[in-house]
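So the chains spell out like this:
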Amino acid sequence: MLVLCVWVSASTSVFSQTRPSASSRGRAADQPKTYQDSLRWMLKRRDVAPQERLKVLHELGYLLGQAGNSEALRVGDQAVALALKLKEWEQAYQFLFNQVLFSERMGDYVSTLKYAQQGLEFCQSYYPTGTWAFYQLMGVATADTKDFSGGLAYMRKALATQKATKGVTPREKGTLRVNIANTFLSVRQYDSVLFYARRALPYLQQINDERGVGYIHQFQGEVYHKIRPQTAATLDSATFHLRRALAIFRTKEDYASFAASAALTLADQYRLHGKPVESEKMADLALQLANQKNLRQYKADALASLAWAYADQGNAMGAYEYDAQAKNLRDSLFNSEKSEALAQLQVKYDVQQQRQQLTLLQQQNRIAQQQKRVALEQNRVAEAQTQAERARVQLLTQKNHAAEARAQVQRTSLELLAEQNRVAAAQTQTQKARLQLLTQQDEEQEAGRRTLTIWLCVLGLGLLAGGLLYWRLRRQSALLAQANEVNRASAAEKEVLLQEIHHRVKNNLQLVSSLLGWQSSSLPEPALVAVLAGSQARIQSMAMVHEFLYRADNLSQVRLDSYLAELLKSLHESFSTPQRPIQVSAELEAVVMEAKDASAFGLLVNELVTNAYKHAFSEQDGGELHISLAKVNCPDGFKLQVIDNGKGLPATGIEAKPKSLGMNLVKTLVKQLRATITATPHHPTGTCIEVTRA
């Protein structure tokens, strides 16, 4: 029993939308005589758009298929080809579906299986939601050739695929389960018939499908009628379901064959109940229905059932007449069935041949696909080798660039050390000048004291000596004031020179940082970029120390609170991103540090904060970072805390790995600052790193 699909035609005639011109209407030979001729005439025209041509093929195929004309398959093939060309997947699915229905209606099971297989391959590639429907068609067509096990295998695939497909309607779900139940009825697996019939019933009731509900009752009635041994319960169940089916099928004339089948089974059922009168009534009803639709097989079965009913009632003459009519009709049907059986055998042979051809084509396709995959794999291998060679050359180039960058950094470092040596030498010369000035002042003061003593001793020598002494003292005072002025000018000049040196050192460090940034932008390897970014951050922190020194009034000391505020702002702008926002807070007291220690302190803070940005929040979307700086009871002491709420330190704590530049540098800087470092867990999550110098 193949399930029909409704073919939705256009709301208006395609032919009415495109009329022939006046000149063409004037030619009587070309004038279409029927609506189908009009559609064929439109297909011959070259000025019809592809979408309009598809509609014409749609309507013409529908009309031919309804009439059972074999031309419907040829038109359907054209429609499928055009729909595939236009990539109209839903219409291609519909055309292939109807090709299966039309070929089955014409009894061409070879074509039925061919179109069903073609539709299945199409859906698997372009229209997955229709795959289950073509599995169902394959199952129904295979069962029609009496290959019930093969048909059930396809239907089980259809059921599994349908369950995984969204948007399946209740009608489609119920129809598939009805087809499975009908196939199980053919192989007399009655438990499976009842199982799938009961599963189909809710879907059919949901859409008020009378015929489908009638199928379900007839399936159940047939099963209970055929179950052996018979019991009162099975007989009553069979009678109940068959009467329900008969009541539904008698509502419409189109259901006459199903009503006749139900009436015949009821007639046999009443005989088993010992009710010959009711059996006669059902057999007579089946005979009337068979005569209405000329159902010869049902007519023969109805005549035989009437013969049994008359015999059970003791009417031998009536039983003989009906039995003779039944035998004559069955003899006639036997000859027809022999021809149909031979035709069925031929169809089965043709189907097997078609399957073998399909299997051979599938094997050839698989071999071709394997050969294509091997060729593609060889091409991929060759391409991979080429890419590997390119990557090797690129890696060598990158290594050369990295070596050049390292050499440039080393040269810059040497220049920086030389500049620092010059600054130290200038500071030494300044200190020597100060010592010489102080020595000269002490000597002059000592000379003044000696001179004053002598003049006091000779005070009595006279007014002339006193005036001379006064004049000399005035002259010495003037010389001393002049020396002090020279000393102040020299100190101011040295201070300006030292500020200029700090400014140049800061500019040189900024230049090195810019070179590293430029170099990292041209490197594709993330590891090298990360290394250069770390070096760039360290150099930036040292440059910031020199910037604070040349801007400060006191060149020998640095205010750490102002310096850390600028440094933390720079690091936050470098590492915080909108995808992983990190909130930074600080509590900074006014701690003053010597310039020689400020650079190391800045590098230490840079390493600890950078490490927190990179590693503390690697497993979360954001976090909080707090930095505090406080004084301790010591002239040059301090306490620095870096606290985060990240994932916390590993089990090894802050013990540096052999190749961990950051943690090794932290330990070296802590030692240089004569401080101690500790790391403890921070509740509930995170780490607190504390550096103390007391």
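Predicted model, so just to flag it, every value in this text is computed and none were measured.

Rules of the game
- Residues numbered from 1 in each chain as written.
- Predicted model: local features only at pLDDT ≥ 70, side-chain atom pairs only at ≥ 80, totals over all residues.
- Heavy atoms only, no water.
- Helix = DSSP H or I, 4+ residues; strand = E, 2+ residues; numbered from the N terminus.
- Buried < 20%, exposed > 50% of the residue type's maximum accessible area, 1.4 Å probe, protein only.
- Areas by Shrake-Rupley, 256 points an atom, 1.4 Å probe, with all protein chains shown as cover.
- Expected span 1.5 Å × (residues − 1).
- Contact = heavy atoms within 4.5 Å.
- Polar contact = N/O pair within 3.5 Å; in protein donor to acceptor, adjacent residues only side chain to side chain.
- Pairing = 2+ DSSP bridges.
- Axes fitted to C-alpha atoms, helices over the stretch in contact; angles between N-to-C directions.
- Core = buried A, V, L, I, M, F, W, Y, C linked by side-chain atoms within 4.5 Å.
- Parallel < 35°, antiparallel > 145°, perpendicular 65-115°, else oblique.
- Left-handed = near helix turned anticlockwise from the far one by under 90°.
- pLDDT = per-residue confidence, 0-100.
- Nonpolar A, V, L, I, M, F, W, Y, C, P; charged D, E, K, R; others polar.

**Student:** I'd like a rundown of the overall build of the protein, residues and numbers included.
**Tutor:** Helix and strand counts for the protein stand at 22 helices and seven strands. A burial count over the protein gives 38% of its 694 residues as buried. Summed over all atoms, the accessible surface of the protein reaches about 40000 Å², with 53% contributed by carbon and sulfur.

**Student:** Would you mind going over helix α16 (residues 296–312) in detail, with residue names and values included?
**Tutor:** Given 3.6 residues to a turn, an α-helix orients residues that are three or four positions apart in the same direction. Here α16 is 17 residues long and its end C-alpha atoms lie 24 Å apart, about the 24 Å a rise of 1.5 Å per residue gives. Among the residues of α16, Ala300, Ala302, Leu303, Ala304, Ser305, Leu306, Ala307, Ala309 and Tyr310 are the ones counted as buried. Looking one or two residues past α16, Gly314 carries a phi angle of roughly 85°, positive in sign.

**Student:** Would you mind going over the environment of Thr161 in detail, with residue names and values included?
**Tutor:** In this structure, Thr161 sits in helix α9 (residues 148–163). We classify Thr161 as partly exposed; its relative accessible area is 21%. Distance from Thr161 to Tyr135, taken between C-alpha atoms, is 8.6 Å for residues 26 residues apart in sequence. Once residues lying within four places of it in the same chain are set aside, the contact partners of Thr161 are Thr131, Trp132 and Tyr135. A polar contact of 2.7 Å, which involves the side chain of Thr161, links it to the backbone oxygen of Lys157.

**Student:** Lay out the sheet that holds strand β4 (residues 623–630) in plain terms, naming residues and giving numbers.
**Tutor:** One open sheet holds the five strands; their spatial order is β2-β4-β5-β7-β6, and the pairing between them is mixed. On the outer flanks of this sheet lie β2 (582–588) and β6 (676–681), each paired with one strand and no other. Strand after strand, the sheet turns through a mean of 10° between neighbouring axes, direction not considered.

**Student:** Before we move on, could you go through the nonpolar core and cite the residues and values that matter?
**Tutor:** In this structure, Phe134, Phe219 and Leu246 are the most contacted members of the largest nonpolar core, which totals 94 residues. In this structure Leu246 touches Ala259, Ala262, Ala263, Leu266, Met282 and Leu285, once residues within four positions along its chain are discounted. Counting 45 residues, the second largest nonpolar core, distinct from the first, contains Ile539, Ala598, Phe617 and Val670.

**Student:** Account for the side chain of Ser305, with residues named and values stated.
**Tutor:** Relative to the elements of secondary structure, Ser305 occurs in helix α16. By relative accessible area, which is 10% here, Ser305 ends up buried.

**Student:** Talk me through the pairing of strand β5 (residues 638–644); I want residue IDs and the actual numbers.
**Tutor:** Within β5, six of the seven residues are buried, which leaves the element mostly enclosed by the surrounding structure. Pairing of β4 with β5 involves six bridges; the strand directions are antiparallel. In the sheet register, Leu629 faces β5, and the bridge partner there is Leu640. Judged from the seven bridges that link them, β5 and strand β7 (residues 687–693) form a sheet pairing that is antiparallel. From the neighbouring strand, Ile643 faces β7, where its bridge partner is Cys688.

**Student:** Before we move on, can you summarise unusual backbone geometry with the specific residues and values?
**Tutor:** Here the bond from Arg228 into Pro229 is cis, since omega is 0°, no more than 30 degrees from zero. Here Pro229 is to be found in the loop between α12 (210–226) and α13 (232–249). We note that Asn208 has phi near 55°; this positive angle belongs to a residue other than glycine. Residue classification places Asn208 among the exposed residues on the basis of a relative accessible area of 67%. Phi angles above zero are rare outside glycine, and Asn294 is one such case at about 55°.

**Student:** Tell me about the side chain of Asp209, residues and numbers included.
**Tutor:** Position of Asp209 among the secondary structure elements: in the loop between α11 (190–206) and α12. Exposure remark for Asp209: the relative accessible area of 15% places this residue in the buried category. Reaching out from Asp209, the side chain makes a polar contact with the side chain of Arg171 at a distance of 3.4 Å. Sequence-distant contacts of Asp209, that is, excluding residues within four places in its chain, are made with Arg171 and Leu204.

**Student:** A description of helix α21 (residues 595–616) should follow, citing residues and the corresponding values.
**Tutor:** When the terminal C-alpha atoms of α21 are compared, their 31 Å separation across 22 residues agrees well with the 32 Å that a helix rising 1.5 Å per residue should span. For α21, the buried fraction is high: 17 of the 22 residues fall into the buried class.

**Student:** Go over the environment of Tyr154 with me, naming the residues and quoting the values.
**Tutor:** Looking at the secondary structure, you find Tyr154 in helix α9. Taking the C-alpha atoms as reference points, Tyr154 and Val140, 14 residues apart in sequence, are found 8.4 Å from one another. With residues up to four places along the chain from it excluded, the contact list for Tyr154 reads Tyr135, Met138, Gly139 and Thr142.

**Student:** Hey, could you go over the packing of helix α6 (residues 89–105) against helix α7 (residues 109–125) for me, with residue numbers and the actual values?
**Tutor:** Orientation of α6 relative to α7, taken along the N-to-C sense of each, is 160°, at an axis distance of 8 Å. Here α6 lies roughly antiparallel to α7, going by the angle between them. Crossing hand, α6 versus α7: left-handed. On α7, the residues that touch Trp89, Ala92, Tyr93, Leu96, Gln99, Val100, Ser103 and Glu104 of α6 are Tyr109, Ser111, Thr112, Tyr115, Ala116, Gln118, Gly119, Phe122 and Cys123.

**Student:** I'd like a rundown of the confidence of the model for the protein, residues and numbers included.
**Tutor:** A residue-level look at the protein finds 83% of positions with pLDDT of 70 or above and a mean pLDDT of 80. Mean pLDDT values for the elements of the protein range from 34 in helix α1 (residues 14–17) up to 94 in β5.

**Student:** An account of the packing of α9 against helix α10 (residues 170–186) is needed here, citing residue identities and associated values.
**Tutor:** Contact pair α9 / α10: the axes reach a minimum separation of 10 Å and the direction vectors enclose 160°. As far as their axial angle goes, α10 and α9 are roughly antiparallel. As α9 packs across α10, the resulting crossing turns out to be left-handed. Of the residues in α10, those in contact with Phe148, Leu152, Met155, Arg156, Ala158, Leu159, Gln162 and Lys163 of α9 are Glu172, Lys173, Leu176, Arg177, Asn179, Ile180, Thr183, Phe184 and Ser186. In terms of residue class, the contact of α9 with α10 is made up of eight nonpolar, four polar and five charged.

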